[in-house]
Amino acid sequence: MKTLGYRVNSTRIPIYLEDSNSTLLSQLKSAQKAAVVVDSRIVNIFKSLVADISGMDGTVVATFSASEGNKTLQKADELITYFLQKSIKRDSVLFAIGGGITGDVAGFVASVFQRGINFVQVPTTLLAMVDSSVGGKVGVNHPLGKNMIGSFHHPTSIIMNIQFLDTLPKEEILCGLGEIAKYAILSGEPFFDFLEKNHVKVLNKDMNALARIVKMSVEVKKRYVERDPKESGIRAHLNLGHTVGHAIEAATGYGVFKHGESVLIGLVAESHIAMHMKLLRPSTFERILEMVRRMARQRNEKVSIDEVVAHLTFDKKVKAGKVRFVLPTGIGRVVIRDDVTTRNVLDALKFVASDGMFALK
Ligand SMILES: NC(=O)c1ccc[n+]([C@@H]2O[C@H](COP(=O)([O-])OP(=O)(O)OC[C@H]3O[C@@H](n4cnc5c(N)ncnc54)[C@H](O)[C@@H]3O)[C@@H](O)[C@H]2O)c1
Ligand SMILES: [Zn+2]
């Protein structure tokens, strides 16, 4: 077992990277009373683990069906009601076992339940391991925008059992690769080069490659989180690929394109914008495109690019009426700009469509 971890103020949040559930089970045993939110797929696939957890004294288990449509205040409220009925108290610990959706909703519940209780993230998807479980951002969607309701509530520990990934469908691995490709561009040559050489192993769920890439990704994320715990500055770089990505998700209705898949589209679109603004060399754009192409799925889904542009203005990354873009200027370098034009965005989206990542409506 390897322990990484990140610091927020003076508290160190340990990240356990292992290939069993021993830390999870021992932490559950030592909790006074535990509220456990488990993804319904995990309940179906890992029956004996869930039976072990349900059988523990003082554990209350709630099953959560993960979808963007269920990432709502209403579902959070249902969980709160259930836990109140089952006498979960301020000193109870909430465990979130599942992907990013389960972690975001359950973490949000933990952040507001009786003004906030401790919680433990147990990510079971690649995306949740490399991204959503680390950094304390929790929340739910609003019809006017994704993740519009939420807070910062750091877990007390993060437990990653890499073996969970063995049952993850390939398209979900691809989603994790969206965030991983983002880290590769942000982090620089060694990571980018590793990903260029190993993405097939990751796609084929080679456990060693997965463990390595999870560790590398968490190290990148943790550096940003430690420098900027509340996302008031440099952490905004982690939005690379997300300005366009979130607009795609919102314009098509959450769930049509998976989050990580939308990020892959966003990475190509934003790199295209950067190239056209003469911020990124065409050869580097080609390198990014080449890597994303090998990961992204070809889709016939019709997308109105005008609607995507309309959704850009609803995004949280708007400051003083201007949309802020994180644009790559090289491998390992980005810049924040608010002077991207609608024309730049439309051209970039047309390019992505011509490459087959979606169809034009
Ligand atoms: N809080 C943050 O900082 C942050 C960062 C990035 C993304 N996010 C959020 O994360 C969400 C996406 O997370 P996700 O991609 O993990 O989606 P998800 O939670 O929907 O999980 C994807 C699918 O995999 C299933 N699943 C989970 N674990 C499994 C396993 N081990 N085996 C088989 N199936 C399994 C789930 O049931 C679901 O159908 C988005 O809502 C996004 O906004 C949050
Ligand atoms: Zn993301």
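Residues numbered from 1 in each chain as written. Chains lettered and ligands numbered in written order. Predicted model: local features only at pLDDT ≥ 70, side-chain atom pairs only at ≥ 80, totals over all residues. Heavy atoms only, no water.

### Regarding the site of ligand 1
Right, so step 1: Near ligand 1, the surroundings consist of 26 residues, among which Arg41, Glu68, Gly100, Thr124 and Thr125 are the closest.
Right, so step 2: Asp104 is positioned with one of its side-chain polar atoms (N or O) 3.0 Å from a nitrogen atom of ligand 1.
Right, so step 3: At 3.5 Å from an oxygen atom of ligand 1 is found a side-chain nitrogen or oxygen belonging to Asn147.
Right, so step 4: Here ligand 1 has 860 Å² of accessible area as a free molecule, and 93% of this is covered by the chains.
Right, so step 5: Secondary-structure elements contributing two or more residues to the shell around ligand 1 are α2 (40–45), α5 (100–112), α6 (126–132) and β10 (145–152).
Right, so step 6: Here the residues of the shell around ligand 1 sort into eight nonpolar, eight polar and 10 charged.
Right, so step 7: Here the shell around ligand 1 spans two domains, and each of domain 1 (2–167) and domain 2 (170–360) adds at least three residues to it. (Near = heavy atom within 4 Å. Polar contact = N/O pair within 3.5 Å; in protein donor to acceptor, adjacent residues only side chain to side chain. Areas by Shrake-Rupley, 256 points an atom, 1.4 Å probe, with all protein chains shown as cover. Helix = DSSP H or I, 4+ residues; strand = E, 2+ residues; numbered from the N terminus. Nonpolar A, V, L, I, M, F, W, Y, C, P; charged D, E, K, R; others polar. Domains from an automatic or database assignment.)

### Some words on the pairing of strand β8 (residues 118–123)
Right, so step 1: Along β8, five of the six residues are buried, which leaves the element largely enclosed by surrounding structure.
Right, so step 2: With six bridges connecting them, strand β7 (residues 93–98) and β8 associate as parallel partners. Bridging from a neighbouring strand, Leu94 pairs with Phe119 of β8.
Right, so step 3: The pairing of β8 with strand β11 (residues 157–161) spans two bridges and is classified as parallel. When the sheet's bridge partners are listed, Gln121 is paired in β11 with Ile158. (Buried < 20%, exposed > 50% of the residue type's maximum accessible area, 1.4 Å probe, protein only. Pairing = 2+ DSSP bridges.)

### As for the coordination of the zinc ion (ligand 2)
Right, so step 1: Protein-derived ligands of the zinc ion (ligand 2) are Glu179 (OE), His242 (NE2) and His259 (NE2), with the metal-ligand distances lying across 2.0 to 2.1 Å.
Right, so step 2: Site description for the zinc ion (ligand 2): donor spacing in sequence, E-x62-H-x16-H. Of the two residues, Glu179 is situated in helix α7 (residues 170–187) and His242 in helix α10 (residues 242–252); the sequence distance between them amounts to 63 residues.
Right, so step 3: A relative accessible area of 0% places Glu179 in the buried class.
Right, so step 4: The exposure class assigned to His242 is buried, which follows from its relative accessible area of 5%. (Donors = N, O, S within 2.8 Å, 3.2 Å for Na, K, Ca; no water.)

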